[in-house]
Amino acid sequence: MFWLKTRIIYGEGSLESLKNEAKGHEWVLILASSSMKRNGFLSEAEDHVKDTGADVMSITGLPAEPSVEVIEEFLPKVREFQPDLLVAMGGGSVIDITKALKVFYDAPELVFEEIAFIDRFSKPKPVPKLKTPLIAIPSTSGAGSEVSAASVLKKGEVKYNIVTPEIAPEVAILDPRLPRTMPREVARNSGLDVLVHGIEAYTTKVAGPFSDAMAIRAIKTVFQWLPRSVEGDPEARARMHYAATMAGIAFLNARLGLAHAMSHKAAWIGPHGLLNAIFIPYVMEFNAERSEYARRRYAEIARELGLKSAEELIKAVRELNERLGVPTLSELVDEETFMARLDEMAEKAYRDGLIAFNPVEPTPEEIRELYLKAFYGK
């Protein structure tokens, strides 16, 4: 089955379509990143909503990492305003925060621990039907949260998922003017996230022909356009913005794998997209050595890029990382701190729900070895 709930509006200046999308609503709440306020896009969005006659309230200054604590902090403001439309403007974190606020605003009886995927050996309670529509307007090009049915939240220093079709946005507006304001490092990290989304979605146990098409197009776009996007090229920024959503559609349907499981449990070390980029070559080697299916699928990606084999693809991924200045884990965290938490990370990654979709079932010890390889850059 291939599924997509979100209607996608895209193109230069497409933020203006918010005017039509907000019609018929009375109380519109916009949650936005500080950069959207700083660059004038928030006031532009507010004006479009006001043109419909609706009351609008905006919340800005949301933290870079969505967490359960953040939801608890902002939920009273949401309940006090009582919006009948939610708009998320910003990176994946802002969209994920808005999704989670929608859950607990529409269904206040729910408890995070009961509905989140804590690990793959426990089954969360289903989320009931939610009523408040959500429009996602991404400003970064990586997370794919504007089309996904997941909200990734930190509890403590580990990331967990709320997964339900109820939080997939009704509309995504992809205006390439927004990601052109991204700092270089954000463009790099989010762009590499797109690559890992594409590679993992293409190689899961549940990948299909329609998700494959989206994954391949996203992967090819990254190799062709990401280096130029990092340098700030306007066309490259637009192409990466659309590729991020394509990769989001791919993993919405095909899910993700071991690299994401590892990065979720290492979230305390650094940015999500950067961690994914660090882990993916090691995960690809691991999968290719142990699974004929994975090896064949990597070879298919390789041929789409004009390469010949899984080995050449892995080499190309490493070279892209090197070209873009991706560090080893040892450059992000000191050895003593890393070693103290290594066993816990490996065990939690083994229990992550995405492991069920990886082409190979790793043991906690094998995941531990992969963390070590990534740390020492072996």
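Definitions and limits used
Residues numbered from 1 in each chain as written. Predicted model: local features only at pLDDT ≥ 70, side-chain atom pairs only at ≥ 80, totals over all residues. Heavy atoms only, no water. Helix = DSSP H or I, 4+ residues; strand = E, 2+ residues; numbered from the N terminus. Salt bridge = Lys/Arg side-chain N within 4 Å of Asp/Glu carboxyl O. Polar contact = N/O pair within 3.5 Å; in protein donor to acceptor, adjacent residues only side chain to side chain. Contact = heavy atoms within 4.5 Å. 1 Å grid on protein atoms, 1.4 Å probe; cavity = no way out; pocket = protein on both sides within 12 Å on 5 of 7 lines; lining within 4 Å. Points joined across faces, edges and corners; volume = space filled by probe spheres on them. Nonpolar A, V, L, I, M, F, W, Y, C, P; charged D, E, K, R; others polar. Axes fitted to C-alpha atoms, helices over the stretch in contact; angles between N-to-C directions. Parallel < 35°, antiparallel > 145°, perpendicular 65-115°, else oblique. Left-handed = near helix turned anticlockwise from the far one by under 90°. Pairing = 2+ DSSP bridges. Buried < 20%, exposed > 50% of the residue type's maximum accessible area, 1.4 Å probe, protein only. Expected span 1.5 Å × (residues − 1). Core = buried A, V, L, I, M, F, W, Y, C linked by side-chain atoms within 4.5 Å. Bend = angle between axes of the 7 residues up to and from the residue.

Novice: How would you sum up the environment of Ala 340? Please name residues and give values.
Specialist: One can find Ala 340 in helix 14 (residues 335-351). Considered as a pair, Ala 340 and Ile 71 are 269 residues apart in the sequence and their alpha carbons are 30 Å apart.

Novice: Outline the pattern of salt bridges, listing residues and values.
Specialist: Throughout the structure, instances matching the rule amount to 24 salt bridges. Between Arg 296 and Glu 300 there is a salt bridge, and its shortest N-O distance comes to 3.3 Å. Here Glu 300 and Arg 296 lie together in helix 12 (residues 292-304), a separation of 4 residues that amounts to about one turn. Within the structure, one salt-bridge network assembled from shared partners comprises Asp 212, Arg 296, Arg 297 and Glu 300.

Novice: Describe the side chain of Thr 6, and please don't skip the residues or the numbers.
Specialist: Its location among the elements puts Thr 6 in the segment before strand 1 (7-10). Only 2.6 Å separates the side chain of Thr 6 from the backbone oxygen of Pro 169, close enough to count as a polar contact. Those residues in contact with Thr 6 that sit more than four places away from it in its chain are Glu 146, Val 147, Ala 168, Pro 169, Glu 170, Val 171 and Ala 172.

Novice: An account of empty space enclosed by the protein is needed here, citing residue identities and associated values.
Specialist: What the rule picks out here adds up to 2 cavities of 30 Å³ or more. Every residue lining the largest cavity is listed: Ile 199, Glu 200, Thr 203, Thr 204, Gly 257, Ile 280, Val 283, Met 284, Asn 287, Tyr 298, Asn 358 and Pro 359. Those elements that place two or more of their residues in the lining of the largest cavity are helix 7 (184-203) and helix 11 (272-290). With 4 residues, the single largest contributor to the lining of the largest cavity is helix 11. Here the residues of the lining of the largest cavity sort into 6 nonpolar, 5 polar and 1 charged. Empty space within the second largest cavity amounts to approximately 40 Å³. Lining the second largest cavity are Gly 90, Gly 91, Gly 92, Ile 95, Pro 138, Thr 140, Ser 141, Gly 142, Ala 143, Gly 144, Glu 146 and Ala 244.

Novice: If you had to explain the packing of helix 10 (residues 258-265) against helix 11 to someone new, which residues and values would you point to?
Specialist: A pair of packed helices is characterised by two quantities: the angle between their axes and the separation of those axes. The contact between helix 10 and helix 11 brings their axes to 8 Å, and the two run at 135°. In this view, helix 10 runs oblique relative to helix 11, as classed from their interaxial angle. Crossing angle aside, the handedness with which helix 10 passes helix 11 is right-handed. Seen from helix 10, the contacting residues are Leu 258, Ala 259, His 260, Met 262, Ser 263 and His 264; seen from helix 11, they are His 272, Leu 275, Asn 276, Phe 279, Ile 280, Val 283 and Phe 286.

Novice: Please give an account of the sheet that holds strand 4 (residues 85-90) that cites residues and values.
Specialist: Taken in spatial order, the 6 strands of this open sheet run 1-8-5-4-2-3, and their pairing is parallel. Unpaired on one side and paired on the other, strand 1 and strand 3 (55-59) mark the two borders of the sheet. Taken pair by pair, the neighbouring strands of this sheet meet at an average axis angle of 20°, ignoring direction. Relative to strand 8 (residues 171-174), strand 1 runs parallel, the two being bridged by 4 bridges. Paired with Arg 7 across the bridge in strand 8 is Val 171.

Novice: Got a sec to walk through the pairing of strand 4? Specific residues and values, please.
Specialist: Most of strand 4 sits inside the fold, with 6 of its 6 residues counted as buried. Judged by which residues are buried, strand 4 turns out to be covered on both faces: Leu 85, Val 87 and Met 89 on one side and Leu 86, Ala 88 and Gly 90 on the other are all buried. Here 5 bridges tie strand 2 (residues 27-32) to strand 4, and the two strands are oriented parallel to one another. What sits directly across from Leu 29, in strand 4, is Leu 86.

Novice: Run through the layout of surface pockets, naming residues and quoting values.
Specialist: By volume, the second largest pocket is sized at about 220 Å³. Lining the second largest pocket we find 13 residues, and of these Tyr 282, Arg 318, Asn 321, Val 326 and Thr 328 sit closest to its centre. Elements supplying a minimum of two residues to the lining of the second largest pocket: helix 11 and helix 13 (310-323). With 4 residues, helix 11 is the single largest residue contributor to the lining of the second largest pocket. Its residues assigned to classes, the lining of the second largest pocket comprises 7 nonpolar, 3 polar and 3 charged.

Novice: Quick rundown of helix 12? Include the residues and the values.
Specialist: Each full turn of the α-helix corresponds to 3.6 residues, which orients residues three or four apart in the same direction. In a regular helix each residue adds 1.5 Å, so 13 residues correspond to 18 Å; helix 12 covers 19 Å between its end C-alpha atoms and thus fits that length. Turning to helix 12, its buried residues are Ala 294, Arg 297, Tyr 298, Ala 299, Glu 300, Ile 301 and Ala 302. Where the residues of helix 12 are buried, they touch helix 7, helix 8 (209-230), helix 11 and helix 13. Residue Ser 291 occupies the N-cap position of helix 12, its side-chain oxygen lying 3.3 Å from the main-chain nitrogen of Tyr 293. The positive-phi residue at the C-terminal boundary of helix 12 is Gly 306, with phi of around 80°.

Novice: Tell me about the nonpolar core, residues and numbers included.
Specialist: In terms of nonpolar packing, the biggest core is built from 70 residues, with Met 262, Ile 269, Phe 279, Leu 329, Phe 338 and Tyr 371 touching the most fellow members. Not counting residues up to four positions away in its chain, the partners in contact with Phe 279 are Ala 259, Met 262, Ser 263, Ala 266, Leu 329, Tyr 371 and Ala 374. The next biggest cluster of nonpolar side chains, apart from the first, holds 34 residues, and it includes Leu 31, Phe 81, Ala 88 and Ile 115.

Novice: Break down helix 11 for me, with residues and values.
Specialist: For helix 11, which comprises 19 residues, the first-to-last C-alpha distance of 26 Å matches the rise-based estimate of 27 Å (1.5 Å per residue) to within 8%. Along helix 11, the sharpest change in direction is near 35° and occurs at Phe 279; proline Pro 281 comes one to four residues later.

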